[in-house]
Every structure is written in structure tokens, then in C-alpha cells.
Amino acid sequence: MNSARWQQINHLFHQTLERDAGSRESFLRERTTGDPELYQEVRTLLDSHARTEGFLDEPAWGIAADLVLGDAAESLTGKRVGSYRVLEEIGRGGMGVVYAAEDERLRRTVALKALTPEYTRDPLRRERLTREARAAAALSHPAIATIFALEEIDGELYMVSELVRGKTLRDELAAGPLPPSRLVPVLVAIATALEAAHEQGIVHRDLKPENIIRREDGQIKVLDFGLAQTPSRPNVQASTRLTERGVALGTPGYMAPEQLSGGDVDARADIFAFGVLAWELATGEHPFGTDMAAVLARMTELIEGRATGLSRALPFPGLDRIVRRCMRARPQERYPTGGALLADLRELERSGDVAPATVPRDAIWWWQFHQTAMAILNGVMPAAVWAVRRWITLPQGSFLFLATLMLATVSVTLRLNLLFTSRVHPSMLVEHRARLFPAIVFADALLAATLLVTAARIAGDHDEVAALILTVAVVILASLTLIEPATTRAAGLLPGGPKAG
Amino acid sequence: MENDRQSVDSLLPIVYQELRRLAASYLRRERPGQTLQPTALVHEAYLRLMKDKPGRWQNRAHFCAIAAHSMRQILIERARARNAQKRGGPRHRVTLDEGLLAGGERSIDLIALDQALERLATLDPDQARLVELRFFGGLTVEETAEAMEISPATVKRHWTIASAWLARELEGNSQA
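Not measured: the values here are computed from a predicted model. (Residues numbered from 1 in each chain as written. Chains lettered and ligands numbered in written order. Predicted model: local features only at pLDDT ≥ 70, side-chain atom pairs only at ≥ 80, totals over all residues.)

Student: Would you explain the overall build of chain B in this entry?
Tutor: Counting its secondary structure elements, chain B contains 7 helices and 2 strands. Burial statistics for chain B: of 176 residues in total, 37% are counted as buried. Of the contacts made within chain B by residues no fewer than 6 positions apart, 60% connect residues no fewer than 24 positions apart. (Helix = DSSP H or I, 4+ residues; strand = E, 2+ residues; numbered from the N terminus. Buried ≥ 20, exposed ≤ 12 C-beta atoms within 10 Å, placed from the backbone. Contact = placed C-beta atoms within 7 Å.)

Student: What should I look at first to understand the sheet that holds strand S8 (residues 212-215) of chain A in this one?
Tutor: In any sheet, the strands associate via hydrogen bonds between backbone groups, in a parallel or an antiparallel arrangement. All names here are of chain A. Pairing within the open sheet is antiparallel, and its 3 strands lie in the order S7-S8-S9. Whereas interior strands pair on both sides, the edge strands pair on one side only; in this sheet they are strand S7 (166-168) and strand S9 (220-222). Across the sheet, the axes of successive neighbouring strands diverge by a mean angle of 30 degrees, strand direction being ignored. Along the sheet face, helix H9 (residues 180-199) touches S8 and S9 and points at about 40 degrees away from the line of S9. (Pairing = 2+ DSSP bridges. Axes fitted to C-alpha atoms, helices over the stretch in contact; angles between N-to-C directions.)

Student: Looking at this structure, how should I read the confidence of the model for chain A?
Tutor: When pLDDT is low, close inspection of the predicted coordinates is not appropriate. Residue and element names in this part refer to chain A. The predicted model of chain A has a mean per-residue pLDDT of 80, with 80% of residues at 70 or higher. Predicted confidence is poor over residues 228-250, with pLDDT under 50, and the contacts of this stretch with residues over four places away or in other chains come to 44 contacts. In the predicted structure, residues 496-501 sits below a pLDDT of 50 and forms 14 contacts with residues beyond four places in sequence or in another chain. (pLDDT = per-residue confidence, 0-100.)

Student: Just checking my understanding: could you explain the environment of Val155(B) for this structure?
Tutor: Residues and elements named next belong to chain B. Turning to its location among the elements, Val 155 is positioned in helix H7 (residues 152-175). Using a count of 23 C-beta atoms within 10 Å as the deciding quantity, one classes Val 155 as buried. Taking the C-alpha atoms as reference, Val 155 lies 6.5 Å from Val 141; in sequence the two are 14 residues apart. Beyond its immediate stretch of four places on either side in the chain, Val 155 contacts Leu 130, Val 141, Thr 144, Ala 145 and Ile 150.

Student: Would you explain the pairing of strand S5 (residues 147-153) of chain A in this entry?
Tutor: Sheet faces and side chains relate simply in a regular strand, where the side chains alternate between the two faces. All names here are of chain A. Note: S5 against strand S6 (residues 156-162), 6 bridges, orientation antiparallel. Of the residues in S6, the one forming a bridge with Ile 153 is Glu 156. Between the antiparallel neighbours S5 and S6 lie 2 residues, among them Asp 154 with a positive phi of about 50 degrees.

Student: Help me understand the nonpolar core in this model?
Tutor: A general feature of soluble globular proteins is that nonpolar side chains tend to end up buried together. If you look at the biggest cluster of nonpolar residues, it comprises 73 residues, and the most contacted ones within it are Ile190(A), Phe274(A), Ala278(A) and Cys326(A). Top contributing element to this core by residue count: helix H11 (residues 267-283) of chain A, with 12 residues. Looking at which domains feed residues into this core, each of domain 2 (70-162) and domain 3 (166-234 + 246-350) of chain A gives three or more. Setting aside residues up to four positions removed in sequence, Phe274(A) forms contacts with Ile190(A), Leu194(A), Leu207(A), Cys326(A) and Leu341(A). Counting residues in each nonpolar core, the second largest holds 45 residues, with Leu113(B), Ala116(B), Leu120(B) and Trp165(B) among its members. (Core = buried A, V, L, I, M, F, W, Y, C linked by C-beta atoms within 7 Å. Domains from an automatic or database assignment.)

Student: Would you take a moment to explain the packing of H11(A) against helix H13 (residues 317-326) of chain A for this structure?
Tutor: Residues and elements named next belong to chain A. As a packed pair, H11 and H13 sit with axes 7 Å apart at the nearest point and diverge in direction by 145 degrees. The element H11 and its partner H13 pack so that their crossing is left-handed. Contacts between H11 and H13 involve Ile 271, Phe 272, Phe 274, Gly 275, Ala 278, Trp 279 and Ala 282 on the former and, on the latter, Leu 319, Val 323 and Cys 326. For the contact of H11 with H13, the residue count by class is 9 nonpolar, 1 polar and no charged. (Left-handed = near helix turned anticlockwise from the far one by under 90°. Nonpolar A, V, L, I, M, F, W, Y, C, P; charged D, E, K, R; others polar.)

Student: Can you help me understand unusual backbone geometry in this one?
Tutor: The phi torsion of most residues other than glycine is negative, and most of the peptide bonds are trans. One non-glycine residue, Arg205(A), lies in the positive phi region at around 75 degrees. Examined against the element boundaries, Arg205(A) turns out to sit in the loop between H9 and S8. In this structure Arg205(A) comes out as buried when scored by C-beta crowding, with 26 C-beta atoms within 10 Å. In this structure, Glu149(B) is a non-glycine residue whose phi angle is positive, near 55 degrees. For Glu149(B), the position within the fold is in the loop between helix H6 (141-148) and H7.

Student: So what exactly am I meant to see when it comes to the confidence of the model for chain B here?
Tutor: Residue and element names in this part refer to chain B. Here chain B shows a mean pLDDT of 71. Residues at 70 or above account for 55%. Within chain B, strand S1 (residues 94-95) has the poorest average pLDDT of any element, 40, and helix H5 (residues 125-136) the best, 92. Within the model, pLDDT remains below 50 along residues 1-6, and this stretch shows 0 contacts once partners closer than five positions in the same chain are excluded. Segment residues 87-106 is flagged for pLDDT under 50; beyond a separation of four residues in sequence, or across chains, it makes 30 contacts in the model. As a predicted assembly, this complex carries a pTM of 0.48 together with an ipTM value of 0.75.

Student: So what exactly am I meant to see when it comes to H6(B) here?
Tutor: Each full turn of the α-helix corresponds to 3.6 residues, which orients residues three or four apart in the same direction. Taken as a whole, H6(B) has its buried residues at Glu143(B), Thr144(B), Ala145(B) and Ala147(B). Glu149(B) occupies a position one or two residues after H6(B) and carries a positive phi of about 55 degrees.

Student: Honestly, the pairing of S6(A) in this entry has me stumped. Any pointers?
Tutor: All names here are of chain A. For S6, a buried count of 5 out of 7 residues is recorded, marking the element as mostly surrounded by other parts of the structure. The pairing of strand S4 (residues 108-115) with S6 spans 5 bridges and is antiparallel. Within S6, the position partnered with Ala 111 by the bridge is Ser 161.

Written out as C-alpha cells, the structure is:
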């Protein structure tokens with residue numbers, strides 16, 4: 001058969017199909033007179049169509065899922081692997097099937113993870129895994145499932161670790177949000193695990209409810225530091241950093257924007273995941289919505305910097321503030337490590353439920369006063385330079401005036417905008433201020449410089465006025481370097497500083 | 001067109017890698033019994049790869065075409081590997097929902113389907129591509145129409161005869 005013939009068959013097939021069922025046969029006979037082969041082709045296709053309506057309608061991935069799961073399907077239960085006797089399958093993790101097994105040399109029960117072939121066949125991934133296991137095995141902490149060994153047995157790789165039996169937080173979430181009395185201790189336990197890992201330079205990279213187990217005795221254990229890797233140090237060659245760039249590891253929905261976009265990831269990515277997790281444990285819902293499409297849409301917004309905050313507040317204001325800081329889109333606005341996070345959580349635990357998530361009144365008052373004062377001072381400056389511009393040679397005087405006007409306008413506008421935010425959207429202030437502050441510094445510094453030049457130009461002829469302008473320039477600079485940081489810190493508006501409360 | 005083909009060839013490995021990894025992690029995350037949503041997978045892969053190098057993809061349709069082809073490759077490769085493992089044993093058959101096929105036949109031989117699709121491509125490349133987009137890429141009629149720049153009605157017409165033809169080919173194959 002060739003294409004032309006196929007076109008002919010197509011045409012006749014559809015023509016016949018358009019007729020009502022009773023007249024199809026006669027129509028087809030009539031059209032294929034003298035061409036029994038054509039009749040046969042169209043007839044069998046019509047039969048096939050009638051019999052197999054819906055054939056292939058379900059996409060291949062839906063029906064062939066087990067193919068992708070691949071070799072993991074073959075169970076090791078009851079078999080002997082090296083010196084391990086496999087007892088039972090206890091789960092399927094991100095990297096392979098996990099079994100409970102008896103280590104016959106040391107006579108203890110361990111978790112044996114048979115790693116999928118993707119990890120073992122590719123030398124690059126294999127080497128990365130070996131490094132990760134080595135790093136993670138150095139971690140010894142009650143809230144971290146200890147890695148004992150990475151063993152190669154008959155060409156396959158097995159990760160041997162502490163066996164933790166209990167329920168994952170995902171299982172617990174199935175029954176709804178955790179009550180506050182249980183929530184905070186769980187979060188503190190996870191944060192202690194992160195603190196310990198981050199101190200060793202190890203990042204989990206895939207923190208999520210599935211990876212955290214409450215052991216039968218109540219101890220919280222974070223599993224699978226297996227995906228973690230030691231962050232690159234400046235003296236390490238790029239070639240030894242084995243994470244392929246641009247390929248994000250981890251689970252979308254818990255991944256920080258920088259992780260999802262395949263950028264460099266450090267402890268602050270774990271902090272982000274912790275925020276998502278904490279929100280989920282507190283509310284029973286994922287902060288970005290219930291279905292994958294919604295989550296992905298929100299993540300895209302986060303990457304593009306379009307959405308910053310969360311739409312609603314957690315019922316516990318103290319926790320709300322901590323979670324919001326964890327989930328900031330920009331890593332530098334989050335807690336730097338698990339240790340900093342832990343400090344705030346411990347305080348939350350101590351104080352029961354802590355103060356509302358607003359900045360203290362007195363401290364913010366000074367900050368607001370400072371913003372107002374600077375806005376007024378800067379706002380007056382263009383008028384001052386306008387008044388003295390005729391004492392300066394003409395083009396230069398006009399230029400200095402225009403520069404002052406422009407810079408003062410920028411500075412005043414931004415400061416008034418911050419004042420407005422502090423009144424109307426106090427919860428967004430920290431983030432907003434961090435975003436605008438560099439521009440304010442820039443405008444104010446240039447304004448001070450312009451004023452200094454102006455003062456220099458008129459000095460000699462008009463010393464008093466020059467001294468006045470000089471003073472203002474110095475005030476602006478001093479304010480920028482000394483007063484502004486002080487009032488900002490006191491108001492708890494620095495992302496890295498002590499929190500307000 | 002020649003240019004287009006070339007760019008598809010160079011992009012394929014990237015999409016293939018990403019989809020394979022995503023699919024595996026999806027399946028492990030999903031609760032048993034749940035099926036994989038190819039569209040969610042494609043969406044996610046697209047999102048990640050777009051962030052990586054936005055200029056590389058002409059548009060979503062371009063990406064979908066490559067993704068569908070990658071998915072086909074992944075599945076066929078896996079099915080072949082599975083068969084090789086069973087050395088001479090019966091071919092791996094993918095079970096379809098009961099009742100989907102009235103004739104009592106309830107499985108698809110993916111490798112036979114792949115070969116039949118190759119034959120269809122010699123008769124009508126567009127129809128073969130359409131089947132790839134819908135069956136392996138999981139695209140809806142509307143999405144397929146958009147990706148192929150034809151009307152949804154034309155997609156339906158092509159789909160009707162192509163699936164009837166493929167079903168007939170597979171039946172002939174299993175009888176032989």
C-alpha cells in the first residue's frame with residue numbers, strides 16, 4: 001500500500017461512516033465495484049472501528065506505569081543479599097525499594113534500600129551517591145535515621161541504614177492537621193535534625209512529609225539524607241561538583257524556587273521545604289493548593305517573583321511569622337540555617353503561643369518617624385538648590401538642581417511607600433523594605449553627593465548657605481549609615497536580624 | 001522543516017532524561033492504584049526545562065511533540081528491556097481496563113504497536129504523529145489540534161481511522 005491508496009481508503013472510510021448503519025454496506029459495495037481489495041480494506045477497518053472504539057483512548061503512561069517502575073518490581077523478600085537476610089518490603093522511596101533486613105554479622109535489623117539501576121549504572125550518579133552517603137553517614141543525631149553503609153553486592157548498590165518503624169507524617173496528615181500540642185514538638189525535632197545536618201554542611205534537598213517518620217516510641221526521624229550533598233566550597237573544582245546543573249532534585253511542591261529552577265541550592269532550600277511542611281502540618285493542606293497544577297502554577301509565580309506571600313494566615317500567629325520567613329521566595333530573606341530556625345521555634349515552644357505577628361508599636365514608631373523626617377528633609381532639598389543655583393555658573397547650577405530634584409523625588413517616593421506599607425500591610429513590610437532599601441541607599445547617597453558638590457561650588461561667596469547645605473548632606477549620610485540601620489533593627493525589620501516579638 | 005527536525009533530534013535526549021526521571025519519581029510518590037497523569041508530567045517537565053533555557057523551545061506545542069516522542073521511546077525501551085529479561089518468554093503485555101475492548105482481548109503489545117506506528121508513518125506521517133501525541137503524549141483532542149495546527153474535527157477524523165487501523169494491525173499480529 002502507498003500513501004495515495006491510503007488517502008483513498010481514508011476518504012471512503014469516512015464517507016461510509018457518515019451514513020447511517022443500515023446503508024453503509026450497500027454504499028461501500030457500490031463505491032468499490034471492481035476493486036475487491038479496497039472493499040476488504042475499508043470493511044475491515046470499519047469492523048475494527050466498531051469493535052475497538054476507545055482503543056488507545058487512555059494514554060500509554062496510564063496503563064504502562066509498571067514499565068517505568070522497572071526492575072524494582074522484583075522483590076527481594078526472603079532472599080539473601082551478601083550478609084543480609086531480607087525480611088520484608090517496607091516501602092518504596094525516591095531511590096528504590098526499602099526492605100527490613102537482618103544484618104547477620106552484627107545481628108541487628110536494618111533498613112536495606114536496593115537502589116534503582118539508574119543510580120548504579122551511570123558512573124556519574126554512582127559517584128555522587130557515594131559522596132552523599134559518605135557525608136550523610138557522618139551525621140549522628142537522634143532525629144536523623146543513621147546511615148550505616150553503602151554496599152556493593154553482586155554489582156548492585158544497597159544503602160544500609162537504621163531501621164525506623166512507625167508512621168510517616170504523610171500518614172498522620174491523612175487524619176487532618178496536627179493539634180498545636182503535637183505540632184510544635186514535631187517542628188522542633190525536625191529543625192534540630194536540620195541544624196545538625198546544616199552544621200556539617202549537609203543539605204537534605206528533599207524534605208517532605210513522606211521522608212519524616214514518627215517512630216513507635218514517638219521519636220521523630222528524618223529519613224533519606226541520601227539526596228543531600230556537601231555544598232561546593234570555593235576551592236573545589238567545578239568538575240567535582242557532580243550535581244548536573246539545571247536538573248532539579250527533590251519533590252516539586254516542597255522545592256524552593258531556586259531549587260526548582262535548577263540553581264545552586266544550600267541550607268535555605270531546606271528552610272523553604274520546612275516552611276511548606278510546617279504549613280501543611282498546621283493546616284492539613286498544602287500551602288499552594290490541593291492539586292499538582294495549582295502547586296506548579298504557584299511555584300512558577302514564585303520563581304518569577306510574581307507572588308511573594310501566602311494568602312491566608314496560620315491560626316497561630318507566632319508560627320505564622322516563622323513559616324512566612326521560611327517560605328520567602330528570595331533565599332537571603334529566609335532563615336540562613338536550621339540553627340536560626342530552631343532558635344525561633346524554641347522560643348515559640350517556651351512562650352506557648354507568642355505575640356501576634358506584628359511589629360512592636362514603640363520600635364516601629366521610631367522607624368516611621370525616621371522615614372517621615374528623611375522624606376521631609378529630602379523633599380526640601382530641591383527648593384534649597386533651586387534658590388542657590390543662580391550663584392553657580394548657569395549650566396552647572398541647573399544640572400545640580402535637576403539632579404537634586406530627581407534623586408529627592410526617588411527617595412521621598414520610596415520612603416512614603418514604605419510608610420504606607422507599614423500602616424496598611426504590616427505583614428509585608430520586612431520583605432518590601434528589603435526590596436526597596438538598596439534603591440533608597442543609592443538615591444540618598446547620590447543626593448548627599450550632589451549637595452556636597454553644590455556646597456563646594458558656592459563656598460567662598462556664600463559660606464553660611466554652603467555650611468547649611470553641607471550639614472544636610474552629612475545628616476543624610478549619617479542617617480543612612482547609622483540611624484536608619486538602628487531604627488530598622490529595633491523595629492525587627494531586618495530579614496537576618498532578631499525578630500520582633 | 002528539515003531544520004525543525006534537527007532541533008527536535010538535539011532536544012530529545014534532554015526531554016527524555018527529564019521525563020524519565022520525573023515519571024519514575026511520580027510513580028513512586030503516587031499511591032498504589034493511581035495512574036500517572038501524562039499531562040501533569042508534561043506540564044512539569046516543561047516548567048523545569050523552560051526555566052533552564054527558555055529560548056530552546058519554540059512554543060508549548062513544539063515541546064509537546066518532543067515530549068510525546070520521548071515518552072514513546074521510554075516506554076518502548078522499557079518494554080524491550082522487560083522482554084529481554086524474560087528471555088524467550090511471552091512478550092510483556094500492558095493490561096487495559098476491562099471492557100475497553102469488547103472482543104475479550106484486554107492487552108496491548110506496546111512493541112507491536114510501536115512497529116505498527118512506524119508502518120503507519122510511511123502511509124501517513126501526520127496520522128502517526130497524531131497517535132504519538134495523543135497516546136504517548138496524553139494530549140487531548142484540542143491540544144493535539146493546537147500542536148499540529150489543524151482543526152479538532154480533523155484530529156478526530158484522523159484518530160478514528162488511525163486507531164481502527166492500528167487495532168486491526170495488532171490483531172493480525174497476535175494471530176500470526
